[in-house]
Amino acid sequence: QVQLVESGGGLVQAGGSLRLSCAASGRILSTAAMGWFRQAPGKERESVAKFSWIDTSIYYADSVKGRFTISRDKTTVYLQMNSLKPEDTAVYYCAARSVPGGTFVYWGQGTQVTVSS
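Remember, predicted model here, so these are calculated numbers, not experimental data.

Draft legend 1. Seen up close, the pairing of strand β11 (residues 111-116). Across the two faces of β11 the burial differs, with Thr111, Val113 and Val115 buried and Gln112, Thr114 and Ser116 not buried at all. As defined by bridge partners, strand β2 (residues 10-13) adjoins β11 across 4 bridges and the pair is classed as parallel. Along β11, the bridge assignment pairs Gly10 with Val113. Looking at chain direction, strand β9 (residues 90-97) and β11 are connected through 3 bridges and run antiparallel. In the strand pairing of β11, Ala90 is matched with Val113.

Following this line, the structure appears as structure tokens:
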């Protein structure tokens with residue numbers, strides 16, 4: 001089992017920045033990738049950024065490229081969010097998967113990010 005706890009959400013004005021953190025515990029070495037997802041009210045959950053432990057590849061959604069940066073240390077994954085826009089408002093979730101290319105099966109509780117115009 002892997003436990004994930006997000007922090008760092010909040011209210012920020014458009015153009016501002018936030019850094020989200022995801023602290024991982026448990027069988028961290030069993031994970032193949034970690035990522036950040038978000039879900040806005042009335043919308044489906046979408047992938048924002050993903051990092052692979054296997055080949056160190058990084059994925060960003062087109063909507064956040066150039067503004068968001070995913071990084072990690074041994075037990076924490078970060079999401080630096082710059083130039084925030086109102087459309088970035090959502091609950092952000094950290095997730096992990098054990099199988100390369102498989103389903104993300106471990107999820108945090110989520111942290112709210114609200115960007116005011």
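Draft legend 2. Examining the state of the cysteines more closely. In the structure shown here, the tally under the stated rule is 1 disulfide. Across a sulfur-sulfur distance of 2.0 Å, Cys22 and Cys94 are joined as a disulfide pair. Looking down the S-S bond of the Cys22 and Cys94 bridge, the torsion is -80°, so its handedness is left-handed. Note that Cys22 is positioned in strand β3 (residues 18-26) and Cys94 in strand β9, a separation of 72 residues in sequence. Of the two residues, Cys22 and Cys94, both sit in the buried class.

Analysis parameters
- Residues numbered from 1 in each chain as written.
- Predicted model: local features only at pLDDT ≥ 70, side-chain atom pairs only at ≥ 80, totals over all residues.
- Heavy atoms only, no water.
- Buried < 20%, exposed > 50% of the residue type's maximum accessible area, 1.4 Å probe, protein only.
- Helix = DSSP H or I, 4+ residues; strand = E, 2+ residues; numbered from the N terminus.
- Pairing = 2+ DSSP bridges.
- Disulfide = S-S within 2.5 Å.

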